[in-house]
Amino acid sequence: AQSVTQLGSHVSVSEGALVLLRCNYSSSVPPYLFWYVQYPNQGLQLLLKYTTGATLVKGINGFEAEFKKSETSFHLTKPSAHMSDAAEYFCAVTLTGGYNKLIFGAGTRLAVHP
Amino acid sequence: DTAVSQTPKYLVTQMGNDKSIKCEQNLGHDTMYWYKQDSKKFLKIMFSYNNKELIINETVPNRFSPKSPDKAHLNLHINSLELGDSAVYFCASSQRPSDGEAFFGQGTRLTVV
């Protein structure tokens, strides 16, 4: 069975500092991996995804993530945090092929301080 | 143009009532989903339809009944509402059922009192 673990339910950074949100997954077959962002009272928006190919994936708003199979990780980073990055971030996994469903992690709330 | 739209955005109702949430997508996608987000922000899939056919049905009480009149619409009807049904319900769509990647609506916050 697939699962996703996000380390740290709350992360706080200063504006301009590095953002690192951690995600580890468990999957018996090669997964597709996703990061979604949820702003207050909004739906989820896709930040980036990994399916196949290059393991370093660039997304919107300056975010990127690296798929590390040996570590079963897909951590999200951004070199310099902006106040507008404050939101809830969800890592998700799905199986390759077949009828897929997103399996979400518990989410990490990112706070950005001036 | 809203890609995935849900109505209503907020729904407050009493225990025992029956309510429906409507969802429409204008992306031309074949697959639609209902996800539930609980009070702790945890997201879990409930149902998925591909071209009006039910393809994923998670362990959901049978008080919840999805209906897809066409591939652009997926409605969720809930009978005999309970306090524990209070949550945010998200509709989503994807181009194909194997995509995984989904486009989400704004959510419907259901509060059962």
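Up top is the structure.
Summary of the structure given here. The structure presented is a predicted model; accordingly, all values stated were derived computationally and were not measured.

**Regarding the state of the cysteines**
A covalent bond between the sulfur atoms of two cysteines is referred to as a disulfide.
Argument step 1. One pass over the structure, following the stated rule, counts two disulfides over all chains.
Argument step 2. Linked covalently through their sulfurs, C23(A) and C91(A) form a disulfide whose S-S length is 1.9 Å. Judged by the sign of its S-S torsion, about -65°, the bond between C23(A) and C91(A) is left-handed. A residue pair is termed long-range when its members are at least 10 positions apart, and C23(A) in strand β3 (residues 19-26) and C91(A) in strand β9 (residues 87-95) qualify at 68 residues. C91(A) carries the same exposure label as C23(A), and that label is buried.
Argument step 3. Covalently, C23(B) is tied to C91(B) through a disulfide, its sulfur atoms 1.9 Å apart. With the S-S dihedral at roughly -80°, the linkage between C23(B) and C91(B) falls on the left-handed side. In this pair, C23(B) sits in strand β3 (residues 19-25) while C91(B) sits in strand β9 (residues 87-94), placing the two residues 68 residues apart along the sequence. No difference in accessibility class separates C23(B) from C91(B), as the two residues are buried.

**Side note on the sheet that holds strand β1 (residues 3-7) of chain A**
Residue and element names in this part refer to chain A.
Argument step 1. Strand order across the open sheet formed by five strands is β1-β3-β8-β7-β6, with antiparallel pairing between neighbours. In this open sheet, the two edge strands, each paired with only one partner strand, are β1 and β6 (56-58). Going from strand to strand, the sheet's axes swing by 20° on average, the running direction of each strand aside.
Argument step 2. Sheet topology places strand β7 (residues 64-68) next to strand β8 (residues 73-78); five bridges connect them, and they run antiparallel. The partner of E66 across the bridge, within β8, is H75.

**Details of the interface of chain B and chain A**
Argument step 1. Each side of the interface is counted separately: chain B has 23 residues, and chain A has 23 residues.
Argument step 2. For the pair chain B and chain A, the summed buried surface comes to about 1900 Å²; carbon and sulfur atoms form 54% of the total.
Argument step 3. Applying the counting criterion to the chain B and chain A interface returns two salt bridges.
Argument step 4. Put simply, E101(B) and K49(A) hold a salt bridge, and the shortest N to O gap is 2.4 Å.
Argument step 5. Connecting chain B to chain A are seven residue pairs in polar contact (both at pLDDT 80 or more).

**Thoughts on the pairing of strand β8 (residues 73-78) of chain B**
All names here are of chain B.
Argument step 1. Side chains L74, L76 and I78 project from β8 onto a buried face, and the interleaved H73, N75 and H77 project onto a face without burial.
Argument step 2. Sheet analysis places β3 next to β8, joined by four bridges and oriented antiparallel. Counted as the bridge partner of K19 is I78 from β8.
Argument step 3. Bridge count between strand β7 (residues 64-70) and β8: five bridges; the pairing is antiparallel. Residue K67 lies in a different strand from β8, and its bridge partner there is N75.
Argument step 4. Count of turn residues in the β7/β8 antiparallel hairpin: two residues.

**Quick look at the sheet that holds β3(B)**
All names here are of chain B.
Argument step 1. Here we have four strands laid out as an open sheet, ordered β1-β3-β8-β7, and antiparallel in their pairing. Each edge of the sheet is formed by a strand with only one pairing partner; in this case those strands are β1 (4-7) and β7. With direction set aside, neighbouring strand axes in the sheet form an average angle of 20°.

Conventions and cut-offs
- Residues numbered from 1 in each chain as written.
- Chains lettered and ligands numbered in written order.
- Predicted model: local features only at pLDDT ≥ 70, side-chain atom pairs only at ≥ 80, totals over all residues.
- Heavy atoms only, no water.
- Disulfide = S-S within 2.5 Å.
- Helix = DSSP H or I, 4+ residues; strand = E, 2+ residues; numbered from the N terminus.
- Buried < 20%, exposed > 50% of the residue type's maximum accessible area, 1.4 Å probe, protein only.
- Pairing = 2+ DSSP bridges.
- Axes fitted to C-alpha atoms, helices over the stretch in contact; angles between N-to-C directions.
- Contact = heavy atoms within 4.5 Å.
- Buried area = accessible area lost by both parts, 1.4 Å probe.
- Salt bridge = Lys/Arg side-chain N within 4 Å of Asp/Glu carboxyl O.
- Polar contact = N/O pair within 3.5 Å; in protein donor to acceptor, adjacent residues only side chain to side chain.

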